[in-house]
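Below, each chain spelled out in residue letters.
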Amino acid sequence: MFVGPSLKKYAKEKGMKISKDFVYGEIDGYMVTVVEGFDIKILSVSCKAYGDEKVAEILKTLDLKKKFSVSDYEIFEDGIQLTFKEIRGIIPIAAMSKIKSFLEIILPKLKENCVIGLENCAECSESINNESETKIVMRNGFVHKVHSDCVQDLSDTDAEKTEATPKPKNNLVRGTVGGLLGTTFGAFCLWNGLFWGASLLSLDGIVIIASCCALAPVFVGLFSERCYNWFGGKLCKSGVVSLCVCQPIGYVVGYPLMAFFSCIVLVIRYFIKKGLEFELQAFSEKFMVVAKVLLVEKSMYMESFFWFFVVCIATVSLLTGPYAFLRKYVNQNLESMKVSKVIE
């Protein structure tokens, strides 16, 4: 996860603390937490809002989806949590402005309706009389202020959850092999489609390349990411790097495999068309002739266009497979915010 520039700027304006993965701080008597993922920001306000019909009514009347781009919200026992959608790279600042506008409206309304905030412990609900005897903790995506004595209860509950749900093993090497095989197989199919399309349809290869560039690399990228998972690779930073490396290698390796396969098919077609018997020596001699033409005399490896094409389609694959993987990784890590831990 990460904290973007617009969120950092807002945190500094409000005197909030910036953690590695989120920002948090007191605003108008309530503890506010903002977590940033890919295409989403999750806002959590620590308060005793569960079962309060007034709070539910306020949220319903705010037209959250249209006015604030809120895709989902939920009222928990220890606060309210909202998911703001955004288009990263195009209007990320707009999403932050929506959060600002929402907080300017909701926090005064919570106060008007006497919704309990930082004056009470979020764990035991008792009044906080001594600030020096409190701790700031993270739980279920919320940052709370609790009594020091209540921290142990949170730790015990979290330990029980950890024991009950062991983490699956991550086999990065096998996952990388799977990703490479997936990209190579996808590239092999793509190269064959281009080769036989140009040969059989007698069309300009550039026209076919242009049409295939639009869609085929997308499927190659997604298939590579899926193969990484099938071979035991799990979501992690190393997995993102692994898939990025696999893309160009797979396309380069896929071409000679396509050429080898095409040589066999062309030689078989030649023998069938001429009505010749399949003798090993004759087949081998013809295979070498065809292979020499494809791999040596007409080798695309020697053409600058080949490498330009590899870069283009590998880039498209990078924008689908590894990007989709990275998006899953970042948003899955939002689950780590549900772990109970002491922040300060």
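Coordinates for the structure precede this section.
For every chain, the first residue of its written sequence is number 1, and the numbers climb from 1 along that sequence. Reporting of local features is limited, given that this is a predicted model, to residues whose pLDDT is at least 70; pairs of side-chain atoms are given and counted only at 80 or more, and all residues count toward the totals for whole chains, interfaces and linings. For the side-chain quantities, the full set of heavy atoms in the structure was used; hydrogens and water were omitted.

Caption draft 1: Geometry of the overall build of the chain. Counting from the N terminus, the helices are DSSP H or I runs at least four residues long and the strands are E runs at least two residues long. Across its full length, the chain holds eleven helices and nine strands. Any residue under 20% of the maximum accessible area for its type is buried, any over 50% is exposed, and the rest in between are partly exposed; the area is computed with a 1.4 Å probe on protein chains only. The burial tally for the chain puts 43% of its 344 residues in the buried class. Whether two residues touch is decided by their heavy atoms; if any such pair falls within 4.5 Å, the residues are in contact. Counted over contacts in the chain with a minimum sequence separation of 6, partners at least 24 positions apart contribute 69%. All accessibility values rest on the Shrake-Rupley procedure with a 1.4 Å probe; residue burial counts only the protein chains present in the view. Counting only carbon and sulfur atoms, one obtains 61% of the accessible surface of the chain, whose full area is about 18700 Å².

Caption draft 2: Layout of helix H1 (residues 5-14). Where H1 is concerned, the buried positions are Ser-6, Leu-7, Tyr-10 and Ala-11. Along H1, the residues classed as buried sweep out an arc of 135 degrees about the axis, all on the same side. Residues Pro-5, Lys-9, Lys-12 and Glu-13 are exposed on H1 and point more than 90 degrees away from its buried face. In this description, the arc belongs to the directions extending from the helix axis to the C-beta atoms.

Caption draft 3: The pairing of strand E2 (residues 22-27), seen in detail. Along E2, five of the six residues are buried, which leaves the element largely enclosed by surrounding structure. Strands are labelled as partners when DSSP assigns at least two bridges between them. Strand direction decides the pairing type here: strand E1 (residues 17-18) and E2, joined by two bridges, are antiparallel. Across the sheet, residue Lys-17 finds its bridge partner in E2, namely Tyr-24. Connecting E1 to the antiparallel partner E2 that follows it, the hairpin turn spans three residues. Bridge count between E2 and strand E3 (residues 30-36): six bridges; the pairing is antiparallel. Bridge pairing in E3 links Tyr-24 to Thr-33.

Caption draft 4: Up close: helix H8 (residues 237-274). With 38 residues, H8 ought to run about 56 Å at 1.5 Å a step, and its terminal C-alpha atoms sit 56 Å apart, in line with that. In H8, a bend of some 25 degrees at Gln-247 exceeds every other bend along the element, and Pro-248, a proline, comes one to four places later. Here the expected length of a helix is defined as 1.5 Å per residue gap, with one fewer gap than residues. Across the chain, bend at a residue is computed as the angle between axes fitted to the seven residues ending at that point and the seven starting from it.

Caption draft 5: Molecular detail of the packing of aromatic side chains. Stacked, edge-to-face and tilted labels apply to pairs of Phe, Tyr and Trp rings (six-membered ring for Trp) whose centres lie within 6.5 Å, assigned for plane angles under 30 degrees, over 60, and everything in between, in that order. This structure, assessed with the given rule, holds ten aromatic pairs. Ring geometry for Phe-76 against Phe-142: centres 5.8 Å apart, planes inclined by 80 degrees, an arrangement best described as edge-to-face. Of this pair, Phe-76 sits in strand E5 (residues 70-76) while Phe-142 sits in strand E8 (residues 142-147), placing them 66 residues apart in sequence. Overall, Phe-76 belongs to the partly exposed group, its relative accessible area being 26%. You can call Phe-142 buried: its relative accessible area is 1%. Measuring from ring centre to ring centre gives 6.0 Å for Phe-84 and Phe-102, while their planes differ by 70 degrees; the resulting arrangement is edge-to-face. With Phe-84 in strand E6 (residues 79-85) and Phe-102 in helix H4 (residues 92-112), this residue pair connects regions lying 18 residues apart in the sequence. A single burial state applies to Phe-84 and to Phe-102, both of which are buried. Here the guanidinium or amino end of Lys-286 rests over the ring plane of Tyr-270, the centre of that ring lying 4.1 Å away. As a reminder, the over-ring test applies to NZ of lysine and CZ of arginine, requiring each to be within 6 Å of the ring centre and within 35 degrees of the ring normal.

Caption draft 6: Region of interest: empty space enclosed by the protein. Only protein atoms enter the 1 Å grid used here, on which a cavity is any set of points holding a 1.4 Å probe that cannot leave and a pocket is any open set flanked by protein within 12 Å on both sides along at least five of seven lines; residues with an atom within 4 Å of a point are listed as lining. Grid points are joined across faces, edges and corners, and a volume is the space filled by probe spheres set on the points. Tallying each qualifying case throughout the model produces one cavity of 30 Å³ or more. Volume-wise, the largest cavity comes out at about 70 Å³. Taken together, Ser-46, Cys-47, Lys-48, Asp-78, Ile-116, Gly-117, Leu-118, Asn-120, Cys-121, Ala-122 and Lys-145 make up the lining of the largest cavity. Counted by class, the lining of the largest cavity contains five nonpolar, three polar and three charged residues. Residues are grouped as follows: nonpolar covers Ala, Val, Leu, Ile, Met, Phe, Trp, Tyr, Cys and Pro; charged covers Asp, Glu, Lys and Arg; every other residue, Gly included, is treated as polar.

Caption draft 7: Structural context of the nonpolar core. To define a nonpolar core, start from buried Ala, Val, Leu, Ile, Met, Phe, Trp, Tyr and Cys residues and group those joined through side-chain atoms within 4.5 Å. The biggest cluster of nonpolar side chains holds 33 residues, and the ones touching the most others in it are Leu-43, Val-45, Ile-80, Phe-102, Leu-103, Ile-106 and Leu-110. Element by element, the count of residues in this core is highest for H4, at seven residues. Setting aside anything within four residues of it in sequence, one finds Ile-106 in contact with Ile-58, Leu-59, Leu-62 and Ile-80. Counting residues in hydrophobic clusters, the runner-up holds 16 residues, among them Phe-188, Trp-191, Val-267 and Ala-291.

Caption draft 8: Spotlight on the pairing of E5. With six bridges connecting them, E5 and E6 associate as antiparallel partners. Bridge pairing links Ile-75 to Ile-80 in E6. Between the antiparallel neighbours E5 and E6 lie two residues.

Caption draft 9: Fine view of a nonpolar patch on the surface. Excluding any residue in a salt bridge, patches collect residues exceeding 30% relative accessible area, merging like charges within 9 Å and nonpolar Val, Leu, Ile, Met, Phe, Trp and Tyr side chains within 5 Å. By salt bridge we mean one thing: a side-chain nitrogen of Lys or Arg within 4 Å of a carboxyl oxygen of Asp or Glu. A cluster of nonpolar side chains, namely Leu-180, Val-241, Val-245, Ile-249, Val-253 and Leu-257, defines an oily patch on the protein surface of about 460 Å² accessible area. In terms of residues, the nonpolar patch owes the most to one element, H8, which gives five residues. With respect to the helices, strands and loops of the structure, Val-245 is situated in helix H8. You can call Val-245 partly exposed: its relative accessible area is 45%.

Caption draft 10: Molecular detail of unusual backbone geometry. A positive phi angle is found at Asp-63, which is not glycine, with a value near 55 degrees. Among the secondary structure elements, Asp-63 is positioned in the loop between helix H2 (53-61) and helix H3 (64-68). According to the relative accessible area criterion, Asp-63 is partly exposed, its value standing at 40%. The phi dihedral of Ser-69 is positive, around 55 degrees, even though this residue is not glycine. In this structure, Ser-69 sits in the loop between H3 and E5.

Geometric values such as these leave the question of function open.
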